[in-house]
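Fold and contact review
Here is what each chain is made of, one letter per residue.
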Amino acid sequence: MNSEHYLYSTAIDLARLPPMRYNSALVKVVTNLLQKKIQNRTAKIGILGLGYVGLPLACEFAKVGFQVTGFEVDASKVASLLKGKSYIEDIPEQELRPLILKKALGATTDFSHLRKMDVTIICVPTPLRKTKDPDISFIAESAKAIARTLHPQQLVVLESTTYPGTTKEFVLPILEAGGLNVGKDFYLAFSPERIDPGNKQFRLANTPKVVGGITPACSHLASAIYASIVSQVVSVSSTESAEMVKLLENTFRAVNIGLVNEIALICDKLHLNVWEVIEAAATKPYGFMPFYPGPGLGGHCIPIDPHYLSWKMKALNFSARFIELAEEVNSHMPDYVLQKIVLALNYQRKSINGANILLLGVAYKSNVSDTRESPALDLYLLLSEQGAKVAFHDPWVKSIELGAKRITGKPYSPALLQAMDAVVLTTAHRAFDAKEILKHSRLLIDTRNMTRGLTSKKLVRL
């Protein structure tokens, strides 16, 4: 009899013991059995959600020897992965294809296969509703799918960003509804995702992973699984603390960006160059960290995550004033850029109504194709509402969806720039040559300081 079979048999025998002895003996045996599977890479891992967070995570586990299955409701993503084709820039096909070919990584839309998993990790979206209240419906559906097949010796980890208390107060009751007990029969933890699309310096493997479990055994096993793929695991005392860590990280950025956006508005009133002010302040070797203004916040975290914390605090009759003020400033930035464009056209005796305007970049950040919450999309709609004829070019994005419309980008050329009444630099893609763009544009509004060092009467900076 091998050791794994012995432990499993022992676990069954101990399950027949009285509850007090069950708590002390069986838990240790079952924990040891799952930990052994993690250590020898025989644990089967399921990743729910194969987007910007889930797919890189699945690949990392597959690369170190685990058998990984991705669960996805989007059949087109599953079909693409099974052909070895990546739809995420951070996962090149030469990295993905070998994992698929040797069957270290698979994908399916059939969630019944969750019953075969030893570890399941939830990496689904957590958007905001139109009322800016948290929408955790994807987490709810994932938890219900896992609960239908939940079995002893299984670890469940939530990575989706959410408000403090979600794992313990919302996910745990769903999983325990079938009669299994956390910390005894199965294990539950929260570990905030730290994926920065396009970041070549800090990838998943060299970014510390924070883990908080419902019980110490939960934390221990969650730390063990992540220690197989990251250089450092940081364990905190609870799932609530781990959830709060993620919100602090992104609220910190949102508030500081809100501050510097307001500084940009102040500098405009004082006829000062905000970029010059920030660069000079950044020379201070202590007590200052530079943040930069822009046309608004974008991405899957910074514009959204602070609302989760603000919403939670409102439920406790507490006003998160810094967060709410920063959101007010940041959400105003597309309108501020619109005003800049209107005034710049006015100085050239042109109306925004009927003007041909080109947005250069619709991705929310440089050198990625991610358009989630991109301020360029807000600006596109604002300009259209004013009667402008808006087009865009983005070397990373072929088309965008605005409402029911699918809009295709224009191919870049000097002639395209020359045909526009105004060109707006909205994303600082490396492919953009600011000097050439300025040369061929009649009017250039730079929201990203890409024209640093250049001067021209037809140049307007944020």
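Residues numbered from 1 in each chain as written. Predicted model: local features only at pLDDT ≥ 70, side-chain atom pairs only at ≥ 80, totals over all residues. Heavy atoms only, no water.

Topic: the sheet that holds strand E2 (residues 67-71)
Spatially, E3-E2-E1-E4-E5-E6-E7-E8 is the arrangement adopted by the eight strands of the open sheet, whose pairing is mixed. One side of each edge strand has no neighbouring strand; the edge strands of this open sheet are strand E3 (105-108) and strand E8 (233-235). Averaged over all adjacent pairs, the angle separating strand axes in this sheet is 25°, with direction ignored. By the bridge criterion, four bridges tie strand E1 (residues 44-48) to strand E4 (residues 119-122) in an arrangement that is parallel. Looking at E4, one finds that Ile 45 is bridged to Val 119. Strands in contact with helix H8 (residues 216-227) are E1, E4, strand E5 (154-158), strand E6 (186-190), strand E7 (209-213) and E8; relative to E7, the strand with the most contacts, it is inclined by about 155°. (Pairing = 2+ DSSP bridges. Helix = DSSP H or I, 4+ residues; strand = E, 2+ residues; numbered from the N terminus. Axes fitted to C-alpha atoms, helices over the stretch in contact; angles between N-to-C directions. Contact = heavy atoms within 4.5 Å.)

A few points about the packing of aromatic side chains
The full count for this structure, using the stated rule, is six aromatic pairs. Judged by centre distance (5.8 Å) and plane angle (85°), the ring pair of Phe 61 and Phe 66 falls under edge-to-face. We note that Phe 61, like Phe 66, is buried. Among the aromatic residues, those joined into a cluster by ring pairs are Phe 61, Phe 66 and Tyr 226. The positively charged end of Lys 209 is found above the aromatic ring belonging to Tyr 226, 4.6 Å away from the centroid. (Phe/Tyr/Trp six-rings, centres within 6.5 Å; stacked < 30°, edge-to-face > 60°. Buried < 20%, exposed > 50% of the residue type's maximum accessible area, 1.4 Å probe, protein only. Lys NZ or Arg CZ within 6 Å of the ring centre and 35° of its normal.)

Re the pattern of salt bridges
Within the structure shown, the criterion is met by 16 salt bridges. When the shortest N-O distance is used, the salt bridge between Lys 209 and Glu 159 registers 3.1 Å. Linking Lys 209 in strand E7 with Glu 159 in the loop between E5 and helix H7 (166-176), this pair joins segments that are 50 residues apart in sequence. Here the two residues Lys 209 and Glu 159 agree in accessibility, since each one is buried. Ionic pairing is found between Glu 279 and Arg 452, a salt bridge with its closest N-O pair at 3.2 Å. Note that Glu 279 is positioned in helix H10 (residues 274-281) and Arg 452 in the loop between strand E14 (444-446) and strand E15 (459-461), a separation of 173 residues in sequence. Taking the relative accessible area as the measure of exposure, Glu 279 reaches 29% and is therefore partly exposed. When its relative accessible area of 59% is taken as the criterion, Arg 452 is described as exposed. (Salt bridge = Lys/Arg side-chain N within 4 Å of Asp/Glu carboxyl O.)

Focus: the sheet that holds strand E9 (residues 356-360)
Pairing is parallel in the open sheet, where five strands are placed in the order E10-E9-E13-E14-E15. The outermost strands of the open sheet, each flanked by one partner alone, are strand E10 (389-393) and E15. For this sheet the average axis-to-axis angle between neighbouring strands, irrespective of direction, equals 20°. Pairing analysis gives five bridges linking E9 to E10, with the strands arranged parallel. Residue pairing across strands places Leu 360 opposite His 393, the latter belonging to E10.

Comments concerning the nonpolar core
In globular proteins that are soluble, nonpolar side chains generally tend to be buried together. Of all hydrophobic cores here, the largest spans 77 residues; its most connected members are Ile 47, Phe 61, Ile 121 and Tyr 226. At seven residues, H8 tops the list of elements feeding residues into this core. Those residues in contact with Ile 47 that lie beyond four places of it in its chain are Gly 54, Leu 57, Ala 58, Phe 61, Val 68, Thr 69, Gly 70, Phe 71, Ile 121 and Cys 123. Among the nonpolar cores identified, the runner-up in size contains 43 residues, and Cys 267, Phe 291, Ile 352 and Leu 359 belong to it. (Core = buried A, V, L, I, M, F, W, Y, C linked by side-chain atoms within 4.5 Å.)

Topic: the pairing of E9
Within E9, four of the five residues are buried, which leaves the element mostly enclosed by the surrounding structure. Where the polypeptide runs from E9 across helix H13 (residues 375-385) and back to E10, its parallel neighbour, the crossover connection is right-handed. By the bridge criterion, four bridges tie E9 to strand E13 (residues 422-425) in an arrangement that is parallel. Bridging across to E13, Leu 360 finds its partner in Leu 425. (Right-handed = clockwise from strand over helix to strand, strands pointing away.)

Comments concerning the side chain of Asp 305
Locating Asp 305 in the fold gives a position in helix H11 (residues 305-315). For the buried Asp 305, which has no salt bridge, the nearest side chain bearing the opposite charge is Lys 246, at an N-O separation of 4.5 Å. At 2.6 Å, the side chain of Asp 305 forms a polar contact with the side chain of Asn 250. Aside from chain neighbours lying at most four places away, what touches Asp 305 is Thr 161, Lys 246, Leu 247, Asn 250 and His 300. (Lys, Arg positive; Asp, Glu negative; His and termini not counted. Polar contact = N/O pair within 3.5 Å; in protein donor to acceptor, adjacent residues only side chain to side chain.)

Considerations on the side chain of Thr 149
Within the secondary structure, Thr 149 is located in helix H6 (residues 137-149). Judged by relative accessible area, Thr 149 falls into the buried class, the value being 10%. What Thr 149 contacts, discounting residues up to four positions off in sequence, is Ser 112, Leu 114, Arg 115 and Gln 154.

Here we look at helix H3 (residues 54-63)
With nine of its ten residues buried, H3 lies for the most part within the structure. Every buried residue of H3 is listed here: Gly 54, Leu 55, Pro 56, Leu 57, Ala 58, Cys 59, Glu 60, Phe 61 and Ala 62. Trailing H3 by a residue or two, Gly 65 shows a phi angle of about 115°, which is positive.

A look at the packing of helix H12 (residues 321-347) against H13
For any two helices packed against each other, the geometry is given by the interaxial angle and the distance between the axes. Packing of H12 against H13 brings their axes to within 9 Å, and their N-to-C directions diverge by 50°. The angle between H12 and H13 falls in the class oblique. Viewed along their axes, H12 and H13 form a crossing whose handedness is right-handed. Residue-level inspection shows Pro 334, Asp 335, Val 337, Leu 338 and Ile 341 of H12 in contact with H13, the latter providing Asp 378, Leu 379, Leu 382 and Leu 383. Here the residues of the contact of H12 with H13 are counted per class, giving seven nonpolar, no polar and two charged. (Parallel < 35°, antiparallel > 145°, perpendicular 65-115°, else oblique. Left-handed = near helix turned anticlockwise from the far one by under 90°. Nonpolar A, V, L, I, M, F, W, Y, C, P; charged D, E, K, R; others polar.)

Functional significance is not addressed by these values, which are geometric in nature.
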